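# Breakdown of the fold
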Amino acid sequence: IGKIINMQIDELRNFLKAKGIELEITQACCDSIAKRGFSEEFGAREIARVIEHEIKDKLIDAVLFKKERNVESVFCDADENSEIQISISYGKQEQ
């Protein structure tokens, strides 16, 4: 499961890096993705969907639609309830 999560995260990391954005994801976040994305019935098929809904969808507005602010980095963690938390760091506004 860990390898699948790392492959999916690396894909997202490379996408963001091409836009000049650094991505940091904690082990707690990866554990939350594994917990939500793996089932006995379907295996690890849901991991990509969890990453999409819990991380990618939350970044779309900040990265693609808020062009007046430069996103520098994204930090993903999970709280004690395994809820994924995202923090976005912005750089200076372009003039």
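To start, this report covers the structure provided alongside it. (Residues numbered from 1 in each chain as written. Predicted model: local features only at pLDDT ≥ 70, side-chain atom pairs only at ≥ 80, totals over all residues. Heavy atoms only, no water.)

## Some details on the overall build of the protein chain
Basically, it comes down to this: Put simply, DSSP marks the helices as runs of H or I at least four residues long and the strands as runs of E at least two long, and each gets a number from the N terminus on. Here the open area of atoms and residues is found with the Shrake-Rupley method and a 1.4 Å probe, where only the protein chains shown may cover a residue.
Looking only at helices and strands, the protein chain has three helices and three strands in total. Reading the helices (α) and strands (β) of the protein chain from amino to carboxyl end gives α-β-α-α-β-β. Of the roughly 6400 Å² of accessible surface on the protein chain, 46% is carried by carbon and sulfur atoms.

## Digging into the sheet that holds strand β2 (residues 71–78)
For clarity, the threshold we go by: For two strands to count as paired, DSSP must find a minimum of two bridges between them. To get an axis, a line is fitted to the C-alpha atoms, and for a helix only the part in contact is used. The angle between two axes follows their N-to-C directions and goes from 0 to 180 degrees. Here, residues are in contact when the closest pair of their heavy atoms is within 4.5 Å.
Overall, mixed pairing links the three strands, which are arranged β1-β2-β3 in an open sheet. In this open sheet, the two edge strands, each paired with only one partner strand, are β1 (22–25) and β3 (84–90). On average, adjacent strands in this sheet sit at an angle of 15° to one another, irrespective of strand direction. Pairing of β2 with β3, which is carried by seven bridges, proceeds in the antiparallel orientation. By the bridge assignment for β3, Ser73 is matched with Ser89. Of the strands in this sheet, β1, β2 and β3 touch helix α2 (residues 27–37), which is tilted by about 60° from β2.

## Looking at the pattern of salt bridges
Selection rule: Think of a salt bridge as a Lys or Arg side-chain nitrogen and an Asp or Glu carboxyl oxygen that are within 4 Å of each other. Exposure is judged per residue with a 1.4 Å probe applied to protein chains only, and the accessible area is read against the type maximum: over 50% gives exposed, under 20% gives buried, and values in between give partly exposed.
Taken as a whole and assessed by the stated rule, the structure comprises five salt bridges. The residue Glu83 makes a salt bridge to Arg36 at a minimum N-O spacing of 3.0 Å. Here Glu83 is found in the loop between β2 and β3, whereas its partner Arg36 is found in helix α2, with 47 residues between them in sequence. Looking at Glu83, the relative accessible area reads 38%, which means it is partly exposed.

## Focus: the side chain of Thr26
Test applied: Under the rule applied, a polar contact is a pair of N or O atoms within 3.5 Å (in protein, one hydrogen donor and one hydrogen acceptor; residues adjacent in sequence only if both atoms are side-chain atoms).
Within the secondary structure layout, Thr26 lies in the loop between β1 and α2. Relative accessible area serves as the criterion here: at 17%, Thr26 is assigned to the buried category. Among the polar contacts made by the side chain of Thr26, one reaches the side chain of Asp77 at a distance of 2.6 Å. When near neighbours in sequence (up to four residues on either side) are disregarded, Thr26 contacts Phe75, Cys76, Asp77 and Ala78.

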